[in-house]
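# Architecture and fold: a report
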Amino acid sequence: MKVLFCYRYGVIGGVSTQLLNRYTHFSAEFEIGVLYESDHGMVGHFPPGVARVAGTDEAREAAIREAEPDVVVVIDSPGFLSAWRRAGSPGSLVLEVHTTTANLSYLDELVVRPDHVVTVSEYMREKLAALGLSPISVVPNCLDERWYAETVPPALGTAPVAWIGKLDGHKRWRAAADLLDRIATARPGVTPLIVGGYTAPASEVAALTTKLATSPALGAARWLPRLDYDLMPGLYSAVAANGGLTVSTTTDESFGMSVAEALVRGCPVVAPAVGALPEILPEEALYPPGDWAGAAERALRGLADPDFRAALLSTAEAVRERTHAEYALAAFREVLQRSAKSSKVA
Amino acid sequence: MNHDRVHLAYNGIDVDPETQTLTRNRLHWLLDHLPPGRILDLGCSQGTLSVLAARRGDRVTGVDIEEDALAFAAGLAAELPADVAARLAFVRGDGARLAFPDGCFDAAVAGELLEHVTDPGAVLAELHRVLAPGGTLLASVPHGLMPHHDHRRTFYRAGLRRLLDPLFEIRELTVLDRHVAAVGVRREEPLGEPAFLLSQEEADFLQREELAERQAQGLRDRLERANHLYREVTAANAELKAQLGDLRARLGGSRAEEDVLDRLAALQDSVRHLSTSLTDGAAADREDLRERLRERTEERDGLRERLRAQDGLREQLRLRTEERDRLRADARAAEAEIALLREAVAAAEAERRGLLESAHGLRTSLEALRETAGSLTAERDELRETAGAVTAERDELRALVRDQAEDLRTAEAAHASAARELRARIAALDEELGAERAALARLRTVYNGERHRHELTQHRLGKLAASEDRLRQENDRLRARLETVTGRLADYREQITRIRSSRAWRMLSVYRHLRRPGRPDPAQPRPAGVRPVAASGAPTRTIVMRPAPEAAPAARPAAPRTTAAPVPLDEVRTGLREWVERARAAEGDEVVLMFSGTTFVQEARGNRPIRLTRVYLGRGCPVFFNYYRWRDSEPLPSHPDPLLFQSPIDITPHLLDEVLGADFGGKRKLLFASFPHEVMVRTLTHAAARGWVTVYDARDDWEEFAKVGMAKWYHPGHERYLVAHADVVTAVSAPLARKMETLGGRPVSVNANALDPDFPTPSVPRRADASKVGYFGHLTDKWFDWDLLLRAARAHPGLVFELAGHQQPDLRLPENVRLLGLLGHRELAELSAGWALALIPFRNGPLADAVDPIKVYEYLHLGLPVLATYFPQCADYPGVRVTESAAEFVAAIPQVAGSAPDAARVRAWLAANTWECRVEAYTELAEQVVRKGRDGLLTLLESR
């Protein structure tokens, strides 16, 4: 069976990492191909000939036609949907939705009707069902082997309180900086840590460095605008081993990948009760959106109270199982087989 | 006139928070969907979106017809950092007649424009023309009726789609609260001409909206009148109260007065009742009107929602109808096919029966034939075996005969060929012997002639050797002169660029443009493909080359480009990869990434990053040198040293990943952030994670420079970030180190400026009667204390003050002050032979407190005593007198001029303060970092 995955950006991490996992596990069973609209260093991670770039409408249409796929999986990429239609709608179409609510607008004007819809959480399933899409399967994101590898966490001499994300309004980095300031003010000895923001506009970079320079409690904070994905498992482990934790201030999450990553590495998380986060976090970890005092109170308890800290990690084992590659890939294999069958019936 | 206030709304000035939020959401949505590249912001108004796009790195041209708005936008641009402002241009123009060539933009925005223009179809046709193939158009318009004096039409979703669709393929169409926004991709082949037309349903709905709006407006007017009446009654009541108080004061006491007071009180009660009833009535009326207004508004919103839902339903209906038609056609085709198949089945059945009968007869015959065939086959096999043996024997004999005949033929042919060759060789040797004899005779003649010429040449060489020294001196003089001219040219160019980027110049340009609209605006970028009429006005850069090393001529980079076209990034990358190869093979054990904010490496410049770079190159250590350029059309410089790779600041961010991740063969990697730029903020810890030792080298107090109008890129947060996150922080002076320590809460080393021992010395000793006072360096009044210098000159009219440098203000100078202009190092050295004293007269203040002037080292190297204003760093330097007050400075001039520094002490001190020593110090600091490892959370950069 020929399976063709189509995604916009060949960027290391995120969806592309999921695709690499799928290639590794499915290539013995299926004939796998990957198409990107543009590549930023990901094509080279696949064996030669597996992943390609189709930069124009015409190239996408030709590539799909040439592949003669049995199943086409399009991940949040409207450009590939129209190309699939122009190519004569070969095989059956699986639409995979990872994006959050704010970017779902393209589903309002779908040019094709997918045979199957895949998404990453129950929260997203409800959202998509409300748009009239069906049938929908939930296939959680999975983590590769490095997330399960042993590391030796270094002694940092301080308890870090980490926030990971892009410097944008969706992740609410300003609220995050103020929350870290509030926590560091209330509990001297912790060190705020901000990770991410390398691609942020200059104005946001200037705003963050100003905050770091002008908030006394953020004086010792460290900001790592960019960190290799390989270093992230070690970072979460080190935060956890030094008595720290992770806070999130996001407005919405379709799955909550960075929260899941932290839990898998045994790092407690305090996060708002939005999107799919209640599916992977215990009640103790969740604060009402916008309740920064509540968020700070939970984080401070997590830093000081071992029992509460254990409660914050009570879902970690379940998340570890749910994001294990075997689990997620088995669910996806079922989707592929069903789609292939429906393609043959048609 | 539009009177647009987007800038105010975006920044929440004089608007309610809801309007600000809606404006921000709309602009951010447009930005989020705007692809990077060359952007046209048509109807840019106050330039808010243009500025946001330029800030994130796009090259944006804003076009609007409103002069006031454009002036406002230009004002905004003038306050931006230079690199952002350089990406922005605002032009006045009509959207229906754009003055741009075809296909010159990657994306265009028409935000709240189409509802204003006379002919939206013409505007869209122009946008289609100026967009490149595959270009993106973003358009937004108010959704539904939005009363405004300048709105010429009303849009609903379907209307906007109909208008755009002939020229642009709609990728996204969405409602953003009070607006509709669309993302379209330019169609290669237009489907027709765009025109705005309301459908019947939209027209009906618009009528209802207008009716509802008129009713709402009527209600608002009534509410306003009621409010007005209420205010009048309240005022009258207050006035009566005041009058009553006056009367009481005047009449108090007698009975008659009390009567009057009672009557007045009664009158006041009446007025109060009247006022209360009016107030209550007005309030009730107002509440009633508000309620009705709210109902109307809700009704209108409901209608809009229904219309939006109808759009969706209509689209669904269309899709369903198409699907149903397709299915019906499929069903009809399937029915016809089934009938045909049935007929074919019946025919096949009859044929099958006939075939079965024939098969039975054939089977019987076949059995008989099989028996006969069995006996025949056995006989044939026997015969085949016999024939096979005979054939094999025959083939062997034939092959033997063939081989023997071939051997014989080959031997005969070889013999004949050898005989022919021998005869030919004998003949050739005879000819060769004759030719050699003739050549020998010619050579004898030539030798005699050459011997005579050689004697003549020896004689001439003797004469030339005598004049060689004279020519070498002349050559040195010319080279020094060329160096000077090059430096001046570079400075003039910088000055011109600063002037052109100044607000005054841009305003002047706009003024010129307005006065002569037909002429090109010099402040605006020239359209692609248009070349200036005369190139003589444009300064060109001359680079003075060091002689290239003899050993590696092939590795010499190409000469600088003379065209203004930017070098393609791929070409730069290729050069970088070649440099990495050379760097890996280099002898030095360190590789340096020098992120400098200075010019590129050139002989006429001697600032700190360039001096350090020269030392590293001298040690065989490769250097990636980032430099500042004002425009990407400036040619890339070349340098004879193949271990130096120079990259301008607009290209460096594209190369950093490759440089930071490159394999340098185990060399220690040092990154110098030589100024606190945003690129370093983004890169510093990433470089550390890639094994680079990061250094923030505070070489000046940038905060103080920014205060006097220099270092416009300075951002205090960035500097503080670098101080806090770098592995090593150094400062050029103790006061600056203390400031950095306070800023970052960490220890900071002093690694001061130094001497380049190759700085020339005078060819003749200094005259014993030298009586001039000298200075070289910047003459800008931002730090050079002209008042002090003039006071000193007036106080010592017998002394001549020679000042070599540039950027002096326009002043009337006394006769004993001479400006020499910018001079090269060689000229300065020769000039200093006539000086009794060297000055550093800077304004006292925090800027000077942080400075360690490089010229101090050079003055001392020239053997001059130095008199300076207040530089705390130099207080203990030998041969330097630091003063604090102007009177002390002026009085010290004859004393210091008459002194002789302790030459041996100065030499020893200078020997310990060379740039080599500074590089040694950095090597030691880097070694400590590597040995000790990182502290605190920065440990995370190393742990996997």
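My aim in this report is to walk through the structure given alongside it, one point at a time. Being a predicted model, the structure only gives us computed values, none of them experimental. (Residues numbered from 1 in each chain as written. Chains lettered and ligands numbered in written order. Predicted model: local features only at pLDDT ≥ 70, side-chain atom pairs only at ≥ 80, totals over all residues. Heavy atoms only, no water.)

Our focus in this paragraph is helix 8 (residues 257–264) of chain A. All names here are of chain A. The buried count for helix 8 comes to 6 of 8 residues, which makes it a mostly enclosed element. Among the residues of helix 8, Val259, Ala260, Glu261, Ala262, Leu263 and Val264 are the ones counted as buried. In the segment just after helix 8, Gly266 is the residue with positive phi, at about 75°. (Buried < 20%, exposed > 50% of the residue type's maximum accessible area, 1.4 Å probe, protein only. Helix = DSSP H or I, 4+ residues; strand = E, 2+ residues; numbered from the N terminus.)

With that settled, the discussion passes to the interface of chain B and chain A. Contact residues are listed per partner, giving 29 residues for chain B and 39 residues for chain A. Between chain B and chain A we count 3 salt bridges in total. In this structure, the salt-bridge partner of Arg690 of chain B is Asp228 of chain A, at a minimum N-O distance of 3.0 Å. Where chain B touches chain A, the interface holds 12 residue pairs in polar contact (both at pLDDT 80 or more). For the side of chain B that touches chain A, the per-class residue count stands at 9 nonpolar, 9 polar and 11 charged. (Contact = heavy atoms within 4.5 Å. Salt bridge = Lys/Arg side-chain N within 4 Å of Asp/Glu carboxyl O. Polar contact = N/O pair within 3.5 Å; in protein donor to acceptor, adjacent residues only side chain to side chain. Nonpolar A, V, L, I, M, F, W, Y, C, P; charged D, E, K, R; others polar.)

On to helix 4 (residues 122–130) of chain A, then. Residue and element names in this part refer to chain A. Considered for burial, the residues of helix 4 that qualify are Tyr123, Met124 and Leu128. Seen along its axis, helix 4 keeps its buried residues to an arc of 125°; they face one direction. Exposed residues lying more than 90 degrees from the buried face of helix 4 are Glu126 and Ala130. If you follow the buried residues of helix 4, they end up packed against strand 5 (92–97), strand 6 (116–119), strand 7 (136–138) and helix 9 (277–280). (Arc of directions from axis to C-beta.)

Residues and elements named next belong to chain A. One open sheet holds the 7 strands; their spatial order is 3-2-1-4-5-6-7, and the pairing between them is parallel. Two strands close off the open sheet at either side, each with one partner strand: strand 3 (51–53) and strand 7. Between one strand axis and the next, the sheet turns by 25° as a mean value, whatever way the strands run. Bridging between strand 4 (residues 71–75) and strand 5 involves 5 bridges; their strand directions are parallel. Among the inter-strand pairings, Val73 is bridged to a residue of strand 5, identified as Val94. (Pairing = 2+ DSSP bridges. Axes fitted to C-alpha atoms, helices over the stretch in contact; angles between N-to-C directions.)

The next subject is the environment of Ala59 of chain A. All names here are of chain A. Relative to the assigned elements, Ala59 resides in helix 2 (residues 57–67). A residue is classified by how much of its surface remains accessible, and Ala59, at 29% relative accessible area, is partly exposed. Distance from Ala59 to Ala83, taken between C-alpha atoms, is 8.8 Å for residues 24 residues apart in sequence.

To continue, consider the pairing of strand 1 (residues 38–42) of chain B. Two faces belong to every sheet, and in a regular strand the side chains alternate between them. All names here are of chain B. With respect to burial, strand 1 is a largely interior element, 4 of its 5 residues being buried. When strand 1 meets strand 4 (residues 105–111), the two strands line up parallel, connected through 4 bridges. The partner of Asp41 across the bridge, within strand 4, is Val109.

Next up on the list: the packing of aromatic side chains. Residues and elements named next belong to chain B. Counted by the stated rule, this structure contains 36 aromatic pairs over all chains. Consider the rings of Phe675 and Trp713, whose centres lie 5.0 Å apart with planes at 85°: the pair is edge-to-face. Here Trp713 lies in the loop between helix 15 (702–707) and helix 16 (716–725) and Phe675 lies in the loop between strand 11 (668–673) and helix 14 (678–689), a separation of 38 residues in the sequence. Classification of Phe675 by relative accessible area gives buried; the value is 2%. Grouping aromatic residues by their ring pairs yields a cluster made of Phe595, Phe675, Trp702, Phe705, Trp713, Tyr714 and Trp783. (Phe/Tyr/Trp six-rings, centres within 6.5 Å; stacked < 30°, edge-to-face > 60°.)

Turning next to the nonpolar core. Counting 224 residues, the largest nonpolar core has Val247 and Leu281 of chain A together with Tyr696 and Phe801 of chain B as its most contacted members. In contact with Phe801 of chain B, other than residues within four places in its own chain, are Val773, Leu789, Ala792, Ala793, His796, Asn816, Val817, Arg818, Leu839 and Ile893 of chain B. (Core = buried A, V, L, I, M, F, W, Y, C linked by side-chain atoms within 4.5 Å.)

Here the focus is the packing of helix 18 (residues 786–795) of chain B against helix 22 (residues 886–897) of chain B. Residue and element names in this part refer to chain B. Between helix 18 and helix 22, whose axes approach to 10 Å, the crossing angle comes to 40°. As judged from the angle between their axes, helix 18 and helix 22 are oblique. The element helix 18 and its partner helix 22 pack so that their crossing is right-handed. In contact with Leu788, Arg791, Ala792 and Ala795 of helix 18, helix 22 contributes Ala886, Ala887, Phe889, Val890 and Ile893. (Parallel < 35°, antiparallel > 145°, perpendicular 65-115°, else oblique. Left-handed = near helix turned anticlockwise from the far one by under 90°.)

Bringing the packing of helix 11 (residues 569–585) of chain B against helix 13 (residues 652–661) of chain B into the picture now. Residue and element names in this part refer to chain B. Closest axis-to-axis distance for the helix 11/helix 13 pair is 11 Å, and the angle between their directions is 25°. The orientation of helix 11 relative to helix 13 falls into the category roughly parallel. The handedness of the crossing between helix 11 and helix 13 is right-handed. Here Leu569, Val572, Arg573, Leu576 and Arg577 of helix 11 lie close against helix 13, whose contacting residues are His654, Leu655, Glu658 and Val659. Among the residues forming the contact of helix 11 with helix 13, the class breakdown is 5 nonpolar, 1 polar and 3 charged.

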